[in-house]
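# Fold and contact review
Residue-level listing of the chains:
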Amino acid sequence: MENRLLEKYDRLIKRKGYSTRSEALRDLIRQELVRKEWEEDNEVAGAVTFVYDHHQRGLTSRLTDIQHDYQGLIISTQHIHLDHDNCLEIVAVRGRAREVQKLAHALQSVKGVRHGTLSMTSTGRSIE
Ligand code: NI
């Protein structure tokens, strides 16, 4: 590898807290394997996280309806009352990548959901 590139790599991994190049490389490889799992519609795991205003009429029940429609994918749901208005929900999921993405889009696109993200990770089996 070119020296300049290697120096940049060393600076980058140092900032991220890795103590060796091989530790950083291991994580890069796993990241790529996880990305491939999602691309190829394999069985994946993840978390859908979203924030919404629970005062908005009908919103809570709409969000619950969607979660019941995808009940086979959902492992657990955690609800946190952030403040007087805002609720945070973390939905842990496991299933085919496309289905998980459909669920995430369905939840994020409901009117009144202020922000949502999908954290894409692995069931762990393919990255041992
Ligand atoms: Ni709440």
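Further up the page is the structure itself.
## As for the layout of surface pockets
- Its volume calculated, the largest pocket comes out at about 150 Å³.
- Lining the largest pocket are Tyr9, Leu12, Ile13, Lys16, Tyr18, Ala24, Asp27, Leu28 and Gln31.
- Where the lining of the largest pocket is concerned, the elements lending two or more residues are α1 (3–16) and α2 (21–39).
- By residue class, the composition of the lining of the largest pocket is six nonpolar, one polar and two charged.

## Some details on the coordination of the nickel ion
- Protein coordination at the nickel ion: the donors are His79 (NE2), His81 (ND1) and Cys87 (SG), at 2.0 to 2.3 Å from the metal.
- Mapped onto the polypeptide sequence, the residues donating to the nickel ion form the spacing pattern H-x1-H-x5-C.
- Look at His79 and you get partly exposed, because its relative accessible area is 32%.

## With respect to the sheet that holds strand β2 (residues 74–81)
- An order of β2-β3-β1-β4 is seen for the four strands of this open sheet, with the pairing classed as antiparallel. If you trace the sheet from one side to the other, it starts and ends with β2 and β4 (113–121), each paired once. Across the sheet, the axes of successive neighbouring strands diverge by a mean angle of 15 degrees, strand direction being ignored.
- Note: strand β1 (residues 43–53) against strand β3 (residues 86–96), 11 bridges, orientation antiparallel. From the neighbouring strand, Val51 faces β3, where its bridge partner is Leu88.

## Focus: the environment of His84
- Here His84 is to be found in the loop between β2 and β3.
- Owing to a relative accessible area of 62%, His84 belongs among the exposed residues under this scheme.
- In sequence terms His84 and His54 are 30 residues apart; their C-alpha atoms lie 9.0 Å from each other.
- For His84, the residues in contact, after removing those within four places along its chain, are His54 and His55.

Cut-off values and rules
Residues numbered from 1 in each chain as written. Predicted model: local features only at pLDDT ≥ 70, side-chain atom pairs only at ≥ 80, totals over all residues. Heavy atoms only, no water. 1 Å grid on protein atoms, 1.4 Å probe; cavity = no way out; pocket = protein on both sides within 12 Å on 5 of 7 lines; lining within 4 Å. Points joined across faces, edges and corners; volume = space filled by probe spheres on them. Helix = DSSP H or I, 4+ residues; strand = E, 2+ residues; numbered from the N terminus. Nonpolar A, V, L, I, M, F, W, Y, C, P; charged D, E, K, R; others polar. Donors = N, O, S within 2.8 Å, 3.2 Å for Na, K, Ca; no water. Buried < 20%, exposed > 50% of the residue type's maximum accessible area, 1.4 Å probe, protein only. Pairing = 2+ DSSP bridges. Axes fitted to C-alpha atoms, helices over the stretch in contact; angles between N-to-C directions. Contact = heavy atoms within 4.5 Å.

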